[in-house]
Amino acid sequence: MKKINPFLKSKIMGWLFVIVPTLLIALFYFYPMVEAFKLSLSSGKGNNLSFVGLANYKRLFSDPVFINALKNTLLFLIVQVPVMVILAIFFSVLLNNKALKLKGLFRTIVFLPSVTSLVAYSIVFKYLFSNDGIINKILLSLNILQEPMAWLSDAFWAKIVIIIAITWRWTGYNMIFFLSALQNIDPEIYEAADVDGASAGKKFFNITVPLLKPVILFTTITSTIGTLQLFDEPMNITQGGPGDATTTISQYIYNLSFKYTPDFGYAAAVSYAIVALVVILSILQTRLGGRDEKKSK
Amino acid sequence: MKKRTVGALLAGALFSSLLLTACGSSSNGGGSSTSDSGATELTVWAWDANYNVRAFEEAEKVYDKEVPDTVDLKIVENAQDDIIQKLNTSLSSGVTDGLPNIVLIEDYRAKSFLEAYPDSFFPLTDVIKADDFTDYKVEATSVDGENYAVPFDTSSTGLYVRTDILEEAGYTVDDLKDITWEKYIEIGKAVSEKTGKKLISLDVNDLGLVRSMINSTGSWYTGEDGKTPTLADNEALKVAFKDVKAMYDAKLVDDNSDWSQWLSDFNNGVVWSVPTGNWITPSITAQEDQAGKWAVVSFPRQELDGSVNASNLGGASIYVLNVDGKEAAAEFLKDTFGSSTDLYKTLVENIGAIGSYIPATEAGVYDTEAEYFGGQTIYKDFAEWSTQIPAVNYGENTYAIEDILIKAMQNYLKGDDLDKVLENAQKEAENQLK
Amino acid sequence: MKRNRNKTIATYVFLVIMSIVFAFPFYFLIVSATNSSIDVTNGRMLPGGELFNNLKNIFSQTAMTSALKNSAVVALFQTILALLIGSAAGYGFEIYRSKGKDIVFNIILLSMMVPFAAIMIPLFRLFGKMSSISPMIGINSYASIFLPYIATAFLIFYFRQNTKMFPKELLEAGRIDGVSEVGLFFKIYMPTMKTTYAAAAIITFMNSWNNYIWPLVVVQSTEKQTVPLLISQLGSSYSPDYGMIMAAVLVATIPTLVIFFVLQKQFVAGMLGANK
């Protein structure tokens, strides 16, 4: 173990750390992904699959159900991700304050939604937003509404309910990532800023946010991926309805694979459409994040 | 020391995980295995602990009396949707490891599975006597003349009504016997005026009512070949849509968006009638303070020739998978669900399940008087109605087409022209389902 | 000073309102677990006296005990292994950064972008093949439930991003002190990144505990069923017992809550291992 070239040693060490995870991912993800891609080149009922080349992909462009699902998914994405990330940062900073009492309790409560099971909260949300549910009752008593609103049977409002549900559910989850990252910021930086007389706002925007950039990028990308694959809420709260007003791409894949007579080939093609979208969006987000990183240096 | 530590740690973790799995039971080989007493172990996949699972448990008891120690049932319970997912995944992946011997499948999905996975199901044509079972169930579970299932619960529909609310509005139960949907709506309007109660609770994302309406006229979303969408020139479908819209227009509908909300609507007396399958009985009787205030009449029919006062909504049948143990499974089914009147007696008494086995009905198995319904022999009524249900080919695309029709219904309710809406649906269905 | 006091009051009021919003469905869950099924469907908002009954029903009529055991075993293994593997990779990709590794990293990220439904069937087939190698890693084994999740791009990405905030000087100091390369990871990196590990542990445990689709597909016997599968069964009935379902959901939720509450104590401002 003596005079191994330190450069070589470093290289070997580096690969040693990543080799097992890489192989595992190759086995459990990439191998099935390749199989899935092969599947996307065939079509047919259940086991009666035959090769169709790129026909499935062509079909995507003229499939009204897919296009509608795509629109819905993108809409949720554009509204959802910024709202969720901002709220998560907001709560994490709020609940990181040393002077705040009962921090542990409040943090647990904010995190509660992501722990509350899907079964429970989907029933609750359906109750809350039903015709004689609490939300309507409150809005009626405040005279904001004259008549109870049919939240879940209206194409527009059903989307709003989904957005509220997702935000409610995932803010606490994302908050964790920011909370933990905030612990890694050296308090001496803040003390130095205090000496300079910086206000809370300045400290936040000039110190906290830049230092949190890697985690912000992380949550933005993972929230994007999560929202693009959105399934639980539309499936359980609105069943993709009314009609297909809240059907997402993942739900369409589920329907194609299990609800209808399965066409696994086409379902695989739709999945790859998601992959393509995610790749494009992630590259965009990384470019934007990376550029800022260079700027702050 | 360090490299070895890492290696040791990783190896340790992987090793102990393997060790743990060794402690757990090893996987079941596909199909059956023989247990110690020499009995064949058969795996059954079913949902609903109080209904289907109990039914199989009772069946095993009946079988054990006849031929003890021949069969050992392992019932693996999963949610219905989960079973569909598991079955599709297993069958399409070609992995027979872990496939069950016997599986329960909803009738609307039957053709879909049978066509998607030919060769995966074991024909039961020689195992059961098709004539002993109600027509519409046999039709649903056969392909090209071969029977693939033992028909199980009949989901024959009926109209559950609150007799006390009817009285308050000046009607009697007899006024609702063997009526048409138009009469039903008419009475609904009158009752609503006098008592303020709504008629029916509906979910916009579920066209079960439409399905049961057209079933009673011998019509379906697809034609006799089970494949061609028949949405555009379908009189039964048009009338069904019109009737549903009439209910909404007269403000007789309470919206629900969840099974529990639907139950709550009639348990709480928000609505006074429930036209649906007989499996709703336990949910109705759960509301103890309404005992004696409900009755069941025949399902309304459509104002069309050939429409009858009987229909189906749901229901499942029992299939045998083409894996080891199929003969034992077939034998088991033959002697229980396939022919045992005693079993059907137990089923209706303990579970409230009404089978599709005609000899059982003829033997008077369903003649019990239901106290909750004022002594009405509801099970007998349902069993009799089930024999009138028109046999219809449910085809492979029921759920896919229904999703299209849900949109059509939405547009129609918003004011679009009926013919146009159905024509668009027809086109979309033709495009999607090639 | 008055301004500060008003701000504090406003903060607490805001937090209380938010707490009501976030916790309300959970309150409903607890209340429903104490009611009978018919009361739950009637939308009863007050606690009832059925909690004991519901719990008794769950543990006597369903396989809840074994489901809890199964979920716990899987979650334990998945969390420990995933954290170890994910952090090692994140550390490796960031500390020993190289062009080759960056390419591999980006390819790994791709795996996060495929919806699980797409790879589910080929994965199932893969485990079918593994059954013939050994039943301990094949269909219906504990390992089959957690193996696909011990190496995830998600955790690797997470650890890498957080490693960017890690003060690399500490590693240099360690090297000078004669600590081996591997030792740096265990003795210096891990203790410093405690809060990162805590967050990752919470998330991984929760994901494992609530994982639904894959265990559904790969578990074939009642003895191996996990908690989410059990709860799903309870709801699939013509006449579900909603009180029992809610009580089961409550039982299922408690472990994750406990783990969260315990681990979030790590998120205490100023606790920076590096800055001694």
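What you see is a predicted model, and the numbers here were worked out from it, not measured in a lab.

About the cut-offs
Residues numbered from 1 in each chain as written. Chains lettered and ligands numbered in written order. Predicted model: local features only at pLDDT ≥ 70, side-chain atom pairs only at ≥ 80, totals over all residues. Heavy atoms only, no water. Salt bridge = Lys/Arg side-chain N within 4 Å of Asp/Glu carboxyl O. Buried < 20%, exposed > 50% of the residue type's maximum accessible area, 1.4 Å probe, protein only. Helix = DSSP H or I, 4+ residues; strand = E, 2+ residues; numbered from the N terminus. Pairing = 2+ DSSP bridges. Contact = heavy atoms within 4.5 Å. Buried area = accessible area lost by both parts, 1.4 Å probe. Polar contact = N/O pair within 3.5 Å; in protein donor to acceptor, adjacent residues only side chain to side chain. Nonpolar A, V, L, I, M, F, W, Y, C, P; charged D, E, K, R; others polar. UniProt positions renumbered as here; feature names shortened; annotations may be inferred. Axes fitted to C-alpha atoms, helices over the stretch in contact; angles between N-to-C directions. Parallel < 35°, antiparallel > 145°, perpendicular 65-115°, else oblique. 1 Å grid on protein atoms, 1.4 Å probe; cavity = no way out; pocket = protein on both sides within 12 Å on 5 of 7 lines; lining within 4 Å. Points joined across faces, edges and corners; volume = space filled by probe spheres on them.

**Student:** Any details on the pattern of salt bridges? Residues and values, ideally.
**Tutor:** Within this structure, the stated rule accounts for 33 salt bridges over all chains. Salt bridges linked by common partners bring E94(C), R97(C), D102(C), R160(C) and K164(C) together as one network.

**Student:** I'd like a rundown of the pairing of strand β4 (residues 102–106) of chain B, residues and numbers included.
**Tutor:** Residues and elements named next belong to chain B. Where burial is concerned, most of β4 is hidden: 5 out of the 5 residues are buried. Covered by surrounding structure in β4 are I102, L104 and E106 together with V103 and I105, the residues of both alternating faces. Pairing of strand β2 (residues 40–46) with β4 involves 2 bridges; the strand directions are parallel. Paired with W45 across the two strands is V103, which belongs to β4. Bridging between β4 and strand β13 (residues 316–320) involves 5 bridges; their strand directions are antiparallel. Looking at the pairing, I102 lines up with V320 of β13.

**Student:** Lay out the interface of chain C and chain A in plain terms, naming residues and giving numbers.
**Tutor:** At the interface, 94 residues of chain C touch 82 residues of chain A. Summed over both sides, the interface between chain C and chain A buries roughly 7,900 Å², with carbon and sulfur atoms accounting for 79% of that surface. The residue R125(C) makes a salt bridge to E35(A) at a minimum N-O spacing of 3.6 Å. Here chain C is connected to chain A by 7 residue pairs in polar contact (both at pLDDT 80 or more). If one sorts the elements of the side of chain C that touches chain A by residue count, helix α1 (residues 2–33) of chain C sits on top with 15 residues. When grouped by side-chain class, the residues that make up the side of chain C that touches chain A number 68 nonpolar, 21 polar and 5 charged.

**Student:** So what's going on with the UniProt feature "transmembrane region" (unreviewed entry) in chain C? Which residues, and what values?
**Tutor:** All names here are of chain C. The feature "transmembrane region" (unreviewed entry), as given by UniProt, occupies residues 12–30, 72–91, 103–127, 139–159, 196–214 and 242–263 in the numbering adopted here. As annotated, residues 72–91 comprises 100% helix and 0% strand, and the C-alpha atoms at either end are separated by 28 Å. Helix makes up 100% of residues 242–263 and strand makes up 0%, while its end C-alpha atoms are separated by 32 Å.

**Student:** Please set out the interface of chain C and chain B residue by residue, giving values where relevant.
**Tutor:** Each partner contributes residues to the interface: chain C has 46 residues there, and chain B has 53 residues. Along the contact surface separating chain C from chain B lie 1 salt bridge. The partner of K74(B) in a salt bridge is E223(C), with the nearest N and O atoms 3.6 Å apart. The interface formed by chain C and chain B holds 12 residue pairs in polar contact (both at pLDDT 80 or more) in total. Of all elements in the fold, only α2 (37–41), α4 (64–95), α6 (116–133), α7 (142–146), α10 (181–192), α12 (213–218) and α13 (227–235) of chain C reach the threshold of two or more residues within the side of chain C that touches chain B. When its residues are assigned to classes, the side of chain C that touches chain B shows 26 nonpolar, 17 polar and 3 charged.

**Student:** Which residues make up the packing of helix α3 (residues 51–61) of chain C against helix α14 (residues 242–263) of chain C, and what are the values?
**Tutor:** All names here are of chain C. The interhelical angle for the contact between α3 and α14, taken along N-to-C directions, is 80°, at an axis separation of 9 Å. Taken together, α3 and α14 sit at an angle that is classed as roughly perpendicular. Facing N54, L55, N57, I58, F59 and Q61 of α3, the residues of α14 in contact are G243, M244, A247, A248 and V251. Considered class by class, the residues forming the contact of α3 with α14 number 7 nonpolar, 4 polar and no charged.

**Student:** Tell me about the environment of A63(C), and please be specific about residues and values.
**Tutor:** Note that A63(C) resides in the loop between α3 and α4. Beyond its immediate sequence surroundings of up to four residues, A63(C) is in contact with T222(C) and L230(C).

**Student:** With reference to specific residues and values, describe the UniProt feature "domain: ABC transmembrane type-1" (unreviewed entry) in chain C.
**Tutor:** Taking the numbering used here, the UniProt-annotated feature "domain: ABC transmembrane type-1" (unreviewed entry) corresponds to residues 68–263 of chain C. Segment residues 68–263 of chain C splits into 76% helix and 0% strand. End C-alpha atoms: 21 Å apart.

**Student:** Before we move on, could you go through empty space enclosed by the protein and cite the residues and values that matter?
**Tutor:** Over the atoms, a rolling probe the size of a water molecule traces out where space has been left empty. This model, assessed by the stated rule, comprises 8 cavities of 30 Å³ or more. Approximately 130 Å³ is the volume attributed to the second largest cavity. As for the second largest cavity, its lining consists of 16 residues, of which L152(A), S153(A), D255(B), N256(B) and S257(B) are closest to the centre. Its residues placed into classes, the lining of the second largest cavity shows 6 nonpolar, 8 polar and 2 charged.

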